[in-house]
Amino acid sequence: MTRHARNCTAGAVYTYNEKKRDAAESGYGTNDKRLGKDSVKSFDCCSLTLQPCRNPVVTKDGYLFDKEAILQYIVTKKNEYSRKLKEYERLRRVEENELAQDANNKQLARMEKFVNAEKPTTTPAHKPTATIVKTSDLDAMPGTSSAAGASSSNSISNMTNGHEKKLPSFWLPSECPNAGVAKAQKPDPTIYCPVSQQQLRMKDLIDVKFTLLKDGDTKRSLIAKEARYMCPITHDALSNAVPCAVLRPTGDVVTMECVEKLIRKDMIHPLTDRKLKDKDIIPLQRGGTGYAITNDNLQAKEKRPMLQV
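Analysis parameters
- Residues numbered from 1 in each chain as written.
- Predicted model: local features only at pLDDT ≥ 70, side-chain atom pairs only at ≥ 80, totals over all residues.
- Heavy atoms only, no water.
- Helix = DSSP H or I, 4+ residues; strand = E, 2+ residues; numbered from the N terminus.
- Areas by Shrake-Rupley, 256 points an atom, 1.4 Å probe, with all protein chains shown as cover.
- Buried < 20%, exposed > 50% of the residue type's maximum accessible area, 1.4 Å probe, protein only.
- Lys, Arg positive; Asp, Glu negative; His and termini not counted.
- Salt bridge = Lys/Arg side-chain N within 4 Å of Asp/Glu carboxyl O.
- Polar contact = N/O pair within 3.5 Å; in protein donor to acceptor, adjacent residues only side chain to side chain.
- Core = buried A, V, L, I, M, F, W, Y, C linked by side-chain atoms within 4.5 Å.
- 1 Å grid on protein atoms, 1.4 Å probe; cavity = no way out; pocket = protein on both sides within 12 Å on 5 of 7 lines; lining within 4 Å.
- Points joined across faces, edges and corners; volume = space filled by probe spheres on them.
- Nonpolar A, V, L, I, M, F, W, Y, C, P; charged D, E, K, R; others polar.
- Pairing = 2+ DSSP bridges.
- UniProt positions renumbered as here; feature names shortened; annotations may be inferred.
- Arc of directions from axis to C-beta.
- pLDDT = per-residue confidence, 0-100.
- Phe/Tyr/Trp six-rings, centres within 6.5 Å; stacked < 30°, edge-to-face > 60°.

## Brief notes about the overall build of the protein
Inference 1: Helices and strands together make up the secondary structure of the protein, namely five helices and eight strands.
Inference 2: Within the structure as shown, the protein displays about 24,200 Å² of accessible surface, and the carbon and sulfur contribution to it stands at 53%.

And the structure:
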């Protein structure tokens, strides 16, 4: 390859370097990027705090939380529901008062109409004589109300024609077309899981027990270790690459391989010899990112110019 081969534009061959350079300039190609290890939550970390759990609990859907964090979340949601319920009751009282006021106004209007209908109509014996004045002469008189009305109707000011009592600031919230009392909507007392959006109850939380990995390394702390826990039955190290499951009766975390090969044969707990059911085996959700939806396939699509060869 000659010295100026990469800068040559008269060659018959479209070189790899030119293709790569043109692709970078035109934006042609893929934007797929593999998330690094630091971008993925570890299997033993809380789904709320994203930190290793001190007192881990798991939901029936397999999402791991720190007990302190999830209980604080539940208490916060209950306090929010109490606040919304008080606001709902206040708005309901306002609506009931408005309905009662409207009913009273309608009743008074009907009574007044009935009383006016019962009054006799009398015609006076002598009618006062009226002087005929032309409309043009009346409009020409400077002191008449018609002249003032004509001058005010021709005015472009927003403080005339009875608008002086209204706020001219149309951008104020009270001047919006939809301004008014908010409609009362009863809040939902159900507490939902922050990850799966399924119903979450305190009695559904299951205590989880991790088995420490016996590697003989006592110099490093538990958080600094890459492999911290193991399966209590097979003694395999647990990680995001290893599917795991939680046994509901004891809370032990075992590998799915152990579940399929050992536990599902007789459905007996290997450590306590207790009979198990299908609902007692909870697959533990692995990984997760900081995106809006966890463990879902998110793709960003953008139309880009295609490179013509």
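## Some thoughts on the side chain of Lys41
Inference 1: Here Lys41 lies in the loop between helix H1 (16–26) and strand E1 (56–58).
Inference 2: Salt bridges are absent for the buried Lys41, whose nearest opposite-charge side chain, Asp44, sits at 7.2 Å.
Inference 3: In this structure the side chain of Lys41 is engaged in a polar contact, spanning 3.2 Å, whose partner is the backbone oxygen of Cys45.

## Quick word on the nonpolar core
Inference 1: Core analysis: the largest hydrophobic core is formed by 37 residues, its most contacted members being Ile70, Val253, Ile263 and Leu284.
Inference 2: Of all the secondary structure elements, the ones that give two or more residues to this core are E1, strand E2 (64–66), helix H2 (67–118), strand E6 (244–247), strand E7 (253–255), helix H5 (256–266) and strand E8 (281–284).

## Overview of empty space enclosed by the protein
Inference 1: Using the criterion set out here, one finds one cavity of 30 Å³ or more in the structure.
Inference 2: Of the volumes computed, that of the largest cavity is approximately 50 Å³.
Inference 3: Lining the largest cavity are Thr59, Lys60, Asp61, Cys193, Ser196, Gln199, Leu200, Arg201 and Asp204.
Inference 4: When grouped by side-chain class, the residues that make up the lining of the largest cavity number two nonpolar, three polar and four charged.

## Quick notes on the pairing of E6
Inference 1: Neither face of E6 is exposed, since Cys244 and Val246 on one face and Ala245 and Leu247 on the opposite face are all buried.
Inference 2: Examined bridge by bridge, E6 and E7 share three bridges and lie antiparallel to one another. The residue bridging Ala245 from the neighbouring strand is Val254, located in E7.
Inference 3: Turn length for the E6-E7 hairpin, with the two strands adjacent in sequence and antiparallel, is five residues, and the turn residue Gly251 shows positive phi of about 80 degrees.
Inference 4: As paired elements, E6 and E8 share four bridges and run antiparallel to each other.

## Thoughts on the pattern of salt bridges
Inference 1: Under the defined criterion, the tally for this structure stands at 13 salt bridges.
Inference 2: The closest approach of N and O atoms between Glu95 and Arg92, which form a salt bridge, is 3.6 Å. Of this pair, Glu95 and Arg92 both sit in helix H2, separated by three residues, roughly a single helical turn.
Inference 3: The residue Arg264 makes a salt bridge to Asp278 at a minimum N-O spacing of 3.7 Å. Within this pair, whereas Arg264 is found in helix H5, its partner Asp278 is found in the loop between H5 and E8, the two being separated by 14 residues in sequence.
Inference 4: Through salt bridges that share partners, Lys77, Glu80 and Lys84 make up one connected network.

## Observations concerning the UniProt feature "coiled-coil region" (unreviewed entry) in the protein
Inference 1: Look at the UniProt record and you will see "coiled-coil region" (unreviewed entry) annotated at residues 78–105.
Inference 2: Helix makes up 100% of residues 78–105 and strand makes up 0%, while its end C-alpha atoms are separated by 41 Å.

## Brief notes about the sheet that holds strand E3 (residues 206–207)
Inference 1: Taken together, the three strands give an open sheet; going across it, the order is E2-E1-E3, and neighbouring strands pair in antiparallel fashion. The open sheet has two edge strands with one neighbour each: E2 and E3.
Inference 2: Summarising the sheet, E1 and E2 pair through three bridges and their orientation is antiparallel. Counterpart to Val58 in the pairing with E2 is Leu64.

## Details of H1
Inference 1: Those residues of H1 lying buried are Glu18, Asp22 and Ala23. Across the axial projection of H1, the buried residues extend over an arc of 130 degrees, all falling on one side. Facing away from the buried surface of H1 by more than 90 degrees, the exposed residues are Tyr16, Lys20 and Ala24.

## Observations concerning the confidence of the model for the protein
In low-pLDDT regions, the fine details of the predicted coordinates are not to be read closely.
Inference 1: Confidence in the prediction for the protein averages 76 pLDDT; 64% of positions are at 70 or higher.
Inference 2: Predicted confidence in the protein is weakest over helix H3 (residues 135–140), with a mean pLDDT of 50, and strongest over E1, with 93.

## Some details on the packing of aromatic side chains
Inference 1: The full count for this structure, using the stated rule, is two aromatic pairs.
Inference 2: Aromatic pair Phe43 and Phe210: ring centres 6.0 Å apart, planes at 80 degrees, arrangement edge-to-face. Here Phe43, found in the loop between H1 and E1, pairs with Phe210, found in the loop between E3 and strand E4 (211–212); they are 167 residues apart in sequence, far enough to count as distant.
Inference 3: For Phe210, a relative accessible area of 14% corresponds to the buried category.
Inference 4: Judged by centre distance (4.6 Å) and plane angle (25 degrees), the rings of Phe210 and Tyr229 are stacked. Residue Phe210 is found in the loop between E3 and E4, and its partner Tyr229 is found in strand E5 (residues 229–230); the two are separated by 19 residues along the sequence.
Inference 5: An aromatic cluster is built from Phe43, Phe210 and Tyr229, whose rings are joined through pairwise contacts.

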